[in-house]
Amino acid sequence: MITNDDLCVSDIASTRSEALQMNSIPPKVVTKNVQFGNLEDFDTEPNSPPLSGIATKNKLLKLNWWHTSSPQPRDVEQQNKLENNNTLLNGRFNNSPKRSPITLLLKEEHNHDAKSESKVEEILDQNAEEYEYLKDSHRLVDASEPCTTGCILNPGQEDQMQIAGYRRSRIRTILCWICIFLTAGILRLVLHWWRHLYLFATCSQCSLEEAEQVLITEDYQGKHKLYHVKRIQVLSGNNLRTLLPKESNCMDMDNSLDLSVHFTSAQFKRCSTLRIFRCKQLVYAWDVSQNCFRRINGLDLDIACSYYHQQGGLQSDEQLSRRIVFGDNAITVPLRDVKTLLFLEVLNPFYVFQIFSVILWFTYDYYYYACVILLMSMFGITVSVLQTKKNQDVLIKTVYNTGNAWVVDSHGSSKECPTESLVPGDIIEIPSSGCTMQCDAVLLSGNCILDESMLTGESVPVTKTPLPSKRDVIYDKKEHARHTLFCGTKVIQTRYIGSKKVLAFVINTGNITAKGELIRSILYPPPVDYKFEQDSYKFIQFLALIACIGFIYTLVTKILRGTDPVKIAVESLDLITIVVPPALPAAMTVGRFYAQKRLKVSEIFCISPRSINVAGSINCCCFDKTGTLTEDGLDMWGVLPKSSTNQFQIPLKDIERLPYDHFLFGMVTCHSITVMNGTMMGDPLDLKMFQSTGWTLEDSTNIPDNEKYGLLYPTILRQPRVDINDTDTDNDKYVTQEIKRQSSVDDLLASVGISHTQRTFDHGIVREFPFTSSLQRMSVLTRCLSSQVFNVYCKGSPEMLQKLCTPESLPEDYTQQLSTFAKKGYRIIAIAFKALSPKMNYTKVQRLAREDVESNLIFLGFVILENRLKPDTAQVINALNSAKIRTIMITGDNILTAMSVARDCGIVRSSQAVITVHADAVGHTSHVNPAEAAEAGPSKRANNSNEGPHQQFKLQYTLDLGSKITSSHLECNGKLMTMNLSSYSLANNDDNDGTSSTITVLPTSDSLASVKTTETWTHNDVTDVEVGLKLKDDNSWRKQYVFAMDGKTWQIIKEHFPEKLEIILTRGSIYARMSPDQKQALIMELQNLDYCVAMCGDGANDCGALKVAHAGISLSETESSIASPFTSRSPTIASVINVIKEGRAALVTSFGIFKYMAAYSLVQFISVMILYSIDSNLTDKQYLYVDLGLISIFAFFFGKTESFDGNLVKQVPLSSLISSTPLASLLLHLTVVTGFQVAGWFHLHLQPWFEPFQSKSDEDHLGCYENYTMFCISSFQYIILAFVFSKGAPYRKPIWSNYPLCLAFIINLSVIIYLTVYPSPWIVNFFQLVVPPVMSFRYVMLLYGLAAFICHVFVETFLVEYLVFKKYQVKRDQDWLTSKQKYMRLEFDVMNNVNWPPINEVYEQPNNNIEWEVEQQHYVNLGAEQSNDAPQNTKFPGFF
C-alpha cells in the first residue's frame, strides 16, 4: 500500500512517549534579540555543553506579570540575552570559504556582568558579514559527523518509522521515461500504484542532509509495510509573503525573519532557513545538532510546570517566526476537488482492469456486456467520488476553525486576533462568556468549567483548575489533564478566583492538538489484518496464474494452426477476463452491503464495512462494566456513618434524617456540581448524592461579573429551610415535618425548624481539588458561613482513603464492612474530613498543596449507591457462553464489584472458582506518601527510588470457590472468615504501609496510585480453620477456574512475569482498575493469542480498545467513538449478538459468492478451452446471457438471505479461503464440472447425426453442436453451483426465505430448459444455436443437468461439509495438540498442570442473610470510578 501527498494512508494515531524523567529539565533561558537585519542561521553546536535547568524563578513574577511594561530580566549568558518568554537557544555558526566551522561557544557559567546588546551584536556581526552567503540551515555545521543515508523517525514511540534520503538522478529519470514510452504508459501506471518504486527508478539514495525527497517506511507489527514518499521543502522568512500576506505588508521585507524551531524542553532554536517535510499531517524539521529529521512538537514535552507561570507574552516578530514553522492554527484535512478524486478513482487497479476488459470486449465486438460493465463502472466511480467528497466535506466542517481570541502581548495588554494565528507560547485570555477551544492550553489562573464530550464522550462538565507552579514536576498531558484545556472542548463558564483574568498558556496548535490527534486517527487508522481479504487476493493471484497458463496454451495452439494474429491476441487476452472476472470485487461487497443495511435497521451503524466480515469470526468478547453491562443511572441505597465511639452505625437509608455533622457536610460539599442554564450538571454520582440530602446549591452565575472579583465563595450550599411563619402549602409543611433526624446536639434546632436568629449550617466551597482516576479521590476546602474555621472534606475509593486517614479514626471492622457491601455489588464511597488550623486565612488556604490537604484525615463513613444490570445483559452473556464465545470484563471499577457483576451476569458462573492474582513486592522498599506520589504523577514517581526498576515481585493467588462450600464451613459467630494456607499480607497490618512504594515501579499507568484492592478480601479479625483436607479431597474447581486481577497486577505480570502472561490471559475473565492504555494493551495481547476479539464499551476510556479490536462496538454516539467500526443507538449489549449474527451471515455470503464467482470463471474457462480446441467459442449473446442473466442476478440476490434468527451456534464459520474445506470444495466441484462437460463432449461425438465444426476465418458464426452442448451443460452448472453455495442454517436463514433469489432460480431454470429442449427460431438465431435434430439428445441434456445437480449436492453436503469440514477440519481445530490457535494449546497446558497455580489463600462470602439485604440484584463499583467512565443518563429509576 503506497501513500503520498495525495493519498491518505493507514497508521496509528501518534501517542505520547513514556513518562518523562525528572532529570530532563529544560535548559536555562538563553536568547538573542530577533532582528530582521540578521540573515545568518542560528543553531546549537552539536558539541557544545548542555545548558543548566529552567531559568531561576522570579518570586515577583506572579499572575499579575502583565502590569509591567516589559518582562523582568533574568539570567544572562555571555554573548546572549534573554528576549522574552520561552527558551531561545541562539548558536551562531559561520563557515570560512574553506568550510571550516567558526563557532561562537555558549558558556555554561553565569555572567552577572552581562554585556550590552550593542556589544553582543557587534561581536556577532563580525563573522556574519564575512560569511553572509551561507544561508541554508542544513549546511551550517559542516564539521559535524556526516549524516547517514537513513535514520529513525520518532525512535522508541509507537509511530516509529524508517527514513531514507533520495535526490534526482538524470540518468535514471531518462531511462525510466524511455521504458514508460516503450510500455505505452503501463509502467507509469504501475509506478503510480507503488510510489516508492517510482522513487527508486528516478532517484538515487543519498544522505538526508542532501536529500530532495525522503522515503518513509512504516512497519506495523511486522505485518504491514506502508511507504510514504515526501518532498523536502525549505522554509525561510520570505515565506511570510505567501503565508501571511496581510502581516507581511505591514513589515519591512527588506529584512528577513529568523525562524524559531522547537523540538523539546522549551528550547527554541534560531535559523534563517529550515528544511522540512510533512507526513501524516505532522511537520518534521532538520535538526543540525542531531543530524536528522525530528518532529516539531508543542510546548508539552519535558517541561517543568513552573515554566508556564514564568513566561510573558510573545513579541510580534517572534509570533510570526513561530507561525511560519508551526503553520496556521488549523487542523488540516487533505482536500481534493472532484476532478482529482475522479482521476484517482479511475486509476484504481480494479477500474483499470475493468477498462482493459471493456476495451478488449469492444475489440471483440462484445458490445452488450461491455456497455453494461462500463455503465456499472461509471456508476460505481460516481458513487465512490461523491461519497468521498461528502465525507471530506463533513470532516472539514468538523475541524473548521473560526473566531477570534484575546492574546496577551509582551507588554501585558490583550489584543484580539484570529484564532488561526495562535502559536505555542502565546498566552490567551478565556472570555467569561465561554468559547470553543481552538488549541491546547495550560490553565494559569482562574477556574474553567468545560464540556469535553467531543473528545471524551461524556456529557458531564469538567472543572479545570490552574496548573501548580512546581519546579520539580514535569508537565504531562495525561497526568495534568485537569489543568489542561484541550482543543475542541467548550468552555461553559469561567470562575475568577484569585485573579482578575482567566489566563491560559498555549502549548499545542493545529494538527498536534488533542482534536488534531483524533482527526489524524480517523484519517490514518491502523491497518487491520483482514484474513478473508488477504486470502481472496492470494486466490485471485492463483486464478491469474491459471489465466496465464491458458493464455500461453491458446497462444501456442492458435499460432500452430495459423490463426489470424489479431484473433489470436484478442482470444488469448479474453481468457484473462474469463478466469479473473472484472465483476468479482463488486460481487464480493454484496454480502457486506446487505448486512450493513440490516444492521442499520437494528440501529447499529457501521463506518467500516470491511469489519462486518471480521465480526463473523468473533470468538472472544470484552465488555466494559458501567454503562455497558450495568445501567447508567445510580440510586442512593443509604449511608453507613461512623459513631462517636469509632464504630459503624446501623445503615441509614433515609438520608434526610442524618444529623447536621461533618458526614452530612461532606456529602453536600464534596462534589463538582455546577449550575448551567438553571440546571445542576455534574457527575451522576455527585448529583444523586447531593440530591438525596435535600440541600440546595447557589452558583455564582447570577452575580454580576464586576462583583465576582471579590467573591469569596463561588458556590454556596444552603440547608433545607422551614419558615413556620410563612403560609406555605400544606403539602410542603407535611413533608418537612415528617423528617425526624437522628439525635445530636445540632439536631435540637433542626427538629423544630431553623429560624433567622438560630445558627445556620450553610457552607461555601473555597477551593476544590477535582477528581482524577490516578488519585481516586477529590476534596474541597469549605467554611461554614457561621464559622471562621476552614474544613477539608474528601471522598473517594475506600482503599485510597484508608491510606489517607489516621489509623485511630478507622473502625476495627472497616475492611470487613467494606468487603461485605462490595461483594453484594454496591458502589461504596468513603468520606473523610479534617479541620484546618483556626489561624488559617483565605490567602493561605489558596496556597496549600494538595498532598498537605489530603493527609491525616478523619474517617466519617461510607456512602452506598447502587445500579443494576441492564435487562438483557444476563441473557446476552448466556447466549455468548452457549456459543462458546469467551466473555471478559475489562473495567475501571474495583475488583470486588467486578466479580459481583461477573457472577450475576454470567461471565463467571456462581459455582465457578475465581482465582484473584495479586503481585506483592518482595524485600524492603522506601516509604512514600501515597498522596504525594500520586499527585506528582509517573514522571515524579519514577525518580523517587533508584531501586524501582529492579523491584522484585511475587504473585499471590487467592481462591474464591463461589457457592460450592456451604456457609457452615465459613461462618463463625457471624464473622466473615478466611482460610489461611500461607502467610499473607493483611489490609490492616502495618507492614502494608511499606508496600505503597511499589507505586514507583510502573510510571506509565493511570491507575497505579490505586492500592492493592485485593487486600480487602482478607481481614485481621478472622478465625483460622483447618481446610487442608477439604481442598485435598476436592480439586474439581481446577478444571474450570478463571483468573481475576487489577490493572496494577496486570502491568507487573506483563513486565516482570512474561512467561506467565499468556497462561493467565487464557483463563483471565475479570480485569479491574484497568486504565485506557491497559485496556488497549490487553486487547492486543488477546489478539496475539489468535483470538478474534470484539470490544463493547460506551466511554472515552474504551476508545483505544475499540480501535484495536477486530470489531469495536460503541454504545455512545459521540465523536470520541468515531473510529469505532460499529456504533449502536440502543445502549445495550444485545447489539453484540446482532453484529456477530450479521457478521457470520456476511462472511458465509462472501465465502459463497467468492466460491461461486471462482467456480463460474473456471467453468467458463473449461468450456472455452474445449471450444478453442476446434476454433469455436461461445457466442456474444450466450456470453451476455451467462454474465448478465445468470451470474450478475445470482450474485446480486445472493446476499439478501438474512442472518439466522435462532441461537448462535458453537462453530465459528470459516474465515480463511486458503484452508482445506473451501479448497476441497472448489476442486471437487470443478472435477465434477470437468467430468460432465467432457462426458457431454464425447457423448456428442458418438451420435450418428453429429457433424464436426469447420472453422472459417471469414465467418463470424460460431454456432455448432459442440457449442450447443457446452452451453447447455455449463448453464445448468451455473444454476446448480449458485444453489449449492447459497447455504442457510446455522448462519443464514433457509434459501427459500430469499424470495428474489428463488424467483431467479425458477426463471433461469425455465429459460435453460426452454433453450435446451424446444427453442423458437428467433431465439435460435439470437443465440446462434445449432440445435440437435433429434429430441432424445435434448432430453439427455436435461438428464445431464439432473445428474450434475445430484452429484454437486452430494459433493457439498457429504464430502465437503461432513467429511472434510466436520470430521477433519473441525476436529483438528478443536484438538488441543493439532489446533493452529495459540490459545487452544495454552488451554491444553493449563488443563494438564493440576498443581498450578499454587493457592495462597481461600476465601468465601458467608451466605447468611443480613437484615438490610434486599432480594433484587444491584451491581456497582467499589470506590470512585474513573471520571471518564461515568454514566451519562440523568434519569435514575427508583429502587425502593
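Everything numeric here is computed off the predicted structure, so don't read it as measured data.

### Here we look at the overall build of the chain
- The number of helices and strands found in the chain is 45 helices and 49 strands.
- Sequence separation of at least 24 residues holds for 79% of the intrachain contacts in the chain that already meet a minimum separation of 6.
- For the chain, the exposed surface amounts to about 58700 Å²; the carbon and sulfur share of it is 56%.

### A look at empty space enclosed by the protein
- Within the structure shown, the criterion is met by 17 cavities of 30 Å³ or more.
- In this model, the largest cavity occupies a volume close to 110 Å³.
- In terms of lining residues, the largest cavity is bounded by 14 residues, among which Trp-361, Tyr-366, Thr-577, Ile-578 and Asp-1187 are the most central.
- Mapped onto the lining of the largest cavity, the elements with two or more residues apiece are α15 (565-579), α38 (1134-1172) and α39 (1180-1198).
- For the lining of the largest cavity, the per-class residue count stands at 9 nonpolar, 2 polar and 3 charged.

### Looking at the packing of helix α40 (residues 1220-1245) against helix α44 (residues 1335-1374)
- Where α40 contacts α44, the two axes come as close as 10 Å, and the packing angle between them is 160 degrees. Between α40 and α44, the angle is such that the two are roughly antiparallel. Crossing of α40 against α44: the hand is right-handed.
- Here the residues of the contact of α40 with α44 are counted per class, giving 19 nonpolar, 8 polar and 1 charged.

### What to know about the packing of aromatic side chains
- The full count for this structure, using the stated rule, is 50 aromatic pairs.
- Judged by centre distance (5.8 Å) and plane angle (65 degrees), the rings of Tyr-1160 and Tyr-1278 are edge-to-face. With Tyr-1160 in helix α38 and Tyr-1278 in helix α41 (residues 1265-1285), this residue pair connects regions lying 118 residues apart in the sequence.
- Take Tyr-1160: its relative accessible area is 6%, and that puts it in the buried class.

### Some points on the sheet that holds strand β14 (residues 282-287)
- Taken in spatial order, the 4 strands of this open sheet run β10-β13-β14-β15, and their pairing is antiparallel. Lying at the two open borders of the sheet, with one neighbouring strand each, are β10 (233-236) and β15 (292-295). The mean angle between the axes of side-by-side strands here comes to 40 degrees, regardless of whether they run parallel or antiparallel.

### Considering the packing of helix α9 (residues 338-346) against helix α11 (residues 367-399)
- Two numbers describe how α9 lies on α11: the axes approach to 10 Å, and their chain directions differ by 130 degrees. It follows that α9 is oblique to α11 by the angle criterion. Considering the relative orientation of α9 and α11, their crossing is right-handed. Residues Val-338, Leu-341, Leu-342, Glu-345 and Val-346 of α9 lie in contact with α11, whose contacting residues are Ile-381, Ser-384, Val-385, Thr-388 and Lys-389.
- For the contact of α9 with α11, the per-class residue count stands at 6 nonpolar, 2 polar and 2 charged.

### What about the side chain of Asn-791?
- The residue Asn-791 is located in strand β35 (residues 790-796) in this model.
- Judged by its relative accessible area of 9%, Asn-791 is buried.
- In contact with Asn-791, not counting residues within four places along its chain, are His-662, Val-780, Leu-781, Thr-782, Phe-833, Lys-834, Ala-835 and Leu-836.

### Concerning the state of the cysteines
- For the structure on display, the rule yields 0 disulfides.
- Free of any disulfide, Cys-176 has its nearest cysteine sulfur in Cys-179, 6.8 Å distant.
- Since its relative accessible area comes to 7%, Cys-176 is described here as buried.

### So, unusual backbone geometry
- Cis geometry is adopted by the peptide bond preceding Pro-1290, which originates at Ala-1289 and carries an omega value of 10 degrees.
- Residue Trp-1396 is joined to Pro-1397 through a cis peptide bond whose omega torsion reads 5 degrees.
- Here Pro-1397 lies in the loop between α45 (1382-1392) and β49 (1401-1403).
- A positive phi is found at Ala-184, a non-glycine position, where the angle reads about 60 degrees.

### Considerations on the confidence of the model for the chain
- Looking at the chain, the pLDDT average stands at 75 and 73% of residues meet or exceed 70.
- Contacts from residues 704-711, a stretch scored under 50 in pLDDT, to residues over four places away or in other chains number 9 contacts.

### With respect to the sheet that holds strand β23 (residues 484-485)
- Read from one edge of the open sheet, 6 strands run β17-β16-β18-β25-β20-β23, paired in antiparallel fashion. Sheet topology places β17 (414-418) and β23 at the edges, where each strand pairs with a single neighbour.
- As judged from the 4 bridges shared by strand β20 (residues 440-443) and strand β25 (residues 503-508), these two strands associate in the antiparallel manner. In the sheet register, Leu-443 faces β25, and the bridge partner there is Ala-504.

### Examining the environment of Asn-1395
- Structurally, Asn-1395 is set in the loop between α45 and β49.
- Here Asn-1395 falls in the exposed class, since its relative accessible area comes to 62%.
- Distance from Asn-1395 to Arg-1038, taken between C-alpha atoms, is 8.9 Å for residues 357 residues apart in sequence.

### Some details on the pattern of salt bridges
- If you walk through the whole model with that rule in mind, you get 30 salt bridges.
- Close ionic contact of Glu-571 with Lys-558 constitutes a salt bridge, the shortest N to O distance being 2.8 Å. Of this pair, Glu-571 sits in helix α15 while Lys-558 sits in helix α14 (residues 531-561), and the two are 13 residues apart along the sequence. The pair formed by Glu-571 and Lys-558 is uniform in burial state, with each residue classed as buried.
- Measuring nitrogen to oxygen at the nearest pair gives 3.7 Å for the salt bridge that ties Arg-903 to Asp-960. One end of the pair, Arg-903, is in helix α29 (residues 895-905); the other, Asp-960, is in strand β40 (residues 952-960), with 57 residues separating them in the sequence.
- Given the relative accessible area of 17%, Arg-903 is considered buried.
- What makes Asp-960 buried here is its relative accessible area of 2%.
- Within this structure, Lys-1155, Lys-1287, Glu-1356 and Glu-1361 form a network of salt bridges that share partners.

### Things to note about the pairing of strand β24 (residues 490-495)
- Of the pairings in the sheet, the one linking strand β19 (residues 435-436) to β24 comprises 2 bridges and is antiparallel in character. Paired with Thr-436 across the strands is Lys-490, a residue of β24.
- With 5 bridges connecting them, strand β21 (residues 447-451) and β24 associate as antiparallel partners. Looking across to β24, one finds that Leu-450 is bridged to Val-491.

### Looking at the environment of Phe-1236
- Structurally, Phe-1236 is set in helix α40.
- As for Phe-1236 and Met-1270, which are separated by 34 residues in sequence, their C-alpha atoms are 9.7 Å apart.
- In contact with Phe-1236, other than residues within four places in its own chain, are Ile-1273, Gln-1277, Tyr-1344, Ala-1347, Ala-1348 and Cys-1351.

### Quick notes on the pairing of strand β8 (residues 213-220)
- Summarising burial for β8: 7 of the 8 residues are buried, a large majority.
- Alignment of strand β6 (residues 161-168) against β8, held across 5 bridges, turns out to be antiparallel. The partner of Gly-165 across the bridge, within β8, is Val-214.
- The loop that links β8 with its antiparallel partner strand β9 (residues 224-231) comprises 3 residues; one of these, Gln-221, has a positive phi angle of about 55 degrees.

### Remarks on the nonpolar core
- Core analysis: the biggest nonpolar cluster contains 96 residues, and Tyr-1156, Met-1157, Leu-1190, Ile-1191, Phe-1194, Tyr-1278 and Leu-1329 have the highest contact counts within it.
- For this core, the leading source of residues is α38, giving 18 residues.
- Setting aside chain neighbours within four positions, we find Tyr-1156 in contact with Ile-1191, Phe-1194, Tyr-1278, Leu-1281, Ala-1282 and Phe-1285.
- With 47 residues, the next largest nonpolar core counts Cys-1096, Ile-1113, Phe-1126 and Val-1139 among its residues.

### A word on helix α36 (residues 1076-1088)
- The terminal C-alpha atoms of α36, which comprises 13 residues, lie 19 Å apart, in line with the 18 Å expected from a rise of 1.5 Å per residue.
- Those residues of α36 that fall on the buried side of the exposure criterion are Gln-1078, Lys-1079, Gln-1080, Ala-1081, Leu-1082, Ile-1083, Glu-1085 and Leu-1086.
- Immediately beyond the C-terminal end of α36, within one or two residues, lies Asp-1090, with a positive phi of roughly 75 degrees.

So, how was this worked out
Residues numbered from 1 in each chain as written. Predicted model: local features only at pLDDT ≥ 70, side-chain atom pairs only at ≥ 80, totals over all residues. Heavy atoms only, no water. Helix = DSSP H or I, 4+ residues; strand = E, 2+ residues; numbered from the N terminus. Contact = heavy atoms within 4.5 Å. Areas by Shrake-Rupley, 256 points an atom, 1.4 Å probe, with all protein chains shown as cover. 1 Å grid on protein atoms, 1.4 Å probe; cavity = no way out; pocket = protein on both sides within 12 Å on 5 of 7 lines; lining within 4 Å. Points joined across faces, edges and corners; volume = space filled by probe spheres on them. Nonpolar A, V, L, I, M, F, W, Y, C, P; charged D, E, K, R; others polar. Axes fitted to C-alpha atoms, helices over the stretch in contact; angles between N-to-C directions. Parallel < 35°, antiparallel > 145°, perpendicular 65-115°, else oblique. Left-handed = near helix turned anticlockwise from the far one by under 90°. Phe/Tyr/Trp six-rings, centres within 6.5 Å; stacked < 30°, edge-to-face > 60°. Buried < 20%, exposed > 50% of the residue type's maximum accessible area, 1.4 Å probe, protein only. Pairing = 2+ DSSP bridges. Disulfide = S-S within 2.5 Å. pLDDT = per-residue confidence, 0-100. Salt bridge = Lys/Arg side-chain N within 4 Å of Asp/Glu carboxyl O. Core = buried A, V, L, I, M, F, W, Y, C linked by side-chain atoms within 4.5 Å. Expected span 1.5 Å × (residues − 1).

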